[in-house]
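Structure at a glance
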Amino acid sequence: LIFDRLVHLDEKYNPVPLLAESWKWESDTALDLTIRKGVKFHSGKELDAEDVAYTLNFIVDPTNGSLNRSYLSWIKKAEVLDKHKVRLVMDKPFPTALLFLAGAGNILPKGHYEKAPARADGKRLLPCAAGEGQGGGDGVASGNGIGRRTPTPALPRPQKARTGEGAFRFPPLR
């Protein structure tokens, strides 16, 4: 399953741009992210700051029961600054924020959770796949979220697992 996040970790585990093309610490408790232009959901809708703020605010709201909340609970709220800029506000400094953004926070279109089917406990289901995989439809019913039209250059791509052999590629430990 492929999901796109705001940042990615390179082969040395340094944060590199993915959906966020750049970032700047405005203070010890405010991180501004500039969202990459031209990224489209499978529905054709262009990704914007509203989608990013919507997704992160949903995840960190404890009433929603998101399993990713534990990874992103350092976020007090995500604020839209303009069409392609989001500010992550924290209660206290969190210097490893970019590392945590690389591990959680799959960005979905605004309104996704309200349209998603509900579980028996009333919580909304998450999508089953998003990213560069197969997709179409509205980006919700098919389980697809953000899909780039072309792979992001300069990011390492893992090899596909060879079924039947159990071969996987893991990043080298250094």
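For clarity, every value in this text was computed on a predicted model and none was experimentally measured. (Residues numbered from 1 in each chain as written. Predicted model: local features only at pLDDT ≥ 70, side-chain atom pairs only at ≥ 80, totals over all residues. Heavy atoms only, no water.)

**Topic: the overall build of the chain**
To be explicit about the condition: Strands are runs of DSSP state E lasting at least 2 residues, helices are runs of H or I lasting at least 4, and numbering of each runs from the N terminus. Each residue is placed in one exposure class: buried if its accessible area under a 1.4 Å probe, protein chains only, is under 20% of its type's maximum, exposed if it is over 50%, and partly exposed if it falls in between. Every residue pair with non-hydrogen atoms within 4.5 Å of one another is taken to be in contact. Computed with a 1.4 Å probe, the accessible areas rest on the Shrake-Rupley method; for each residue, only the protein chains presented here act as cover.
Check the secondary structure of the chain and you find four helices and eight strands. Within the chain, the proportion of its 174 residues that are buried is 40%. Across the chain, contacts joining residues at least 24 apart in sequence account for 56% of those joining residues at least 6 apart. Only carbon and sulfur atoms are counted for the fraction: they give 54% of the accessible area of the chain, which is about 9,900 Å².

**Considering the nonpolar core**
Rules: For this analysis, a nonpolar core means a set of buried residues of the types Ala, Val, Leu, Ile, Met, Phe, Trp, Tyr and Cys, connected via side-chain atoms within 4.5 Å.
Within the largest apolar cluster, 33 residues are counted, with the highest numbers of intra-cluster contacts made by Leu6, Leu56, Leu72, Leu88 and Leu101. Secondary structure elements with two or more residues in this core: strand S4 (30–35), helix H1 (49–60), strand S6 (75–82), strand S7 (85–90) and helix H3 (97–103). For this core, the element with the most residues is H1, which contributes eight residues.

**Let's talk about the pattern of salt bridges**
Selection rule: By salt bridge we mean one thing: a side-chain nitrogen of Lys or Arg within 4 Å of a carboxyl oxygen of Asp or Glu.
Using the criterion set out here, one finds seven salt bridges in the structure. Between Asp48 and Lys45 there is a salt bridge, with its nearest N and O atoms 3.7 Å apart. Judged by its relative accessible area of 15%, Asp48 is buried. Across the salt bridge formed by Asp51 and Lys45, the nearest N and O atoms sit 2.6 Å from each other. Here Asp51 falls in the buried class, since its relative accessible area comes to 0%. Connected through shared salt-bridge partners, Lys45, Asp48 and Asp51 make up one network.

**Notes on H1**
Within an α-helix, residues lying three or four positions from one another point in the same direction, as the helix has 3.6 residues per turn. To be explicit about the condition: Expected helix span is given by 1.5 Å per residue-to-residue step, counting one fewer step than there are residues. Each polar contact in these results corresponds to two N or O atoms within 3.5 Å; when the atoms are within protein, one needs to be able to donate a hydrogen and the other to accept it, and residues that are neighboring in sequence are counted only if both atoms are side-chain atoms.
With 12 residues, H1 ought to run about 16 Å at 1.5 Å a step, and its terminal C-alpha atoms sit 17 Å apart, in line with that. Taking burial as the measure, the 12 residues of H1 include 10 buried ones, the bulk of the element. With a side-chain oxygen lying 3.0 Å from the backbone nitrogen of Glu50, the N-terminal cap of H1 falls on Asp48.

**A few points about the packing of aromatic side chains**
Just so we agree on the cut-off: Paired rings are identified among Phe, Tyr and Trp, the last through its six-membered ring, by centres lying within 6.5 Å, and are further divided according to the angle between planes into stacked (under 30 degrees), edge-to-face (over 60) and tilted (the rest).
For the structure shown, the criterion picks out four aromatic pairs. Ring centres of Phe58 and Tyr113 lie 3.6 Å apart, and the angle between their planes is 0 degrees; on these two criteria the pair is classed as stacked. With Phe58 in helix H1 and Tyr113 in helix H4 (residues 112–115), this pair connects stretches of sequence that are 55 residues apart. In this structure, Phe58 and Tyr113 share a single accessibility class: buried. By way of ring pairs, the aromatic residues Tyr54, Phe58 and Tyr113 are connected into one cluster.

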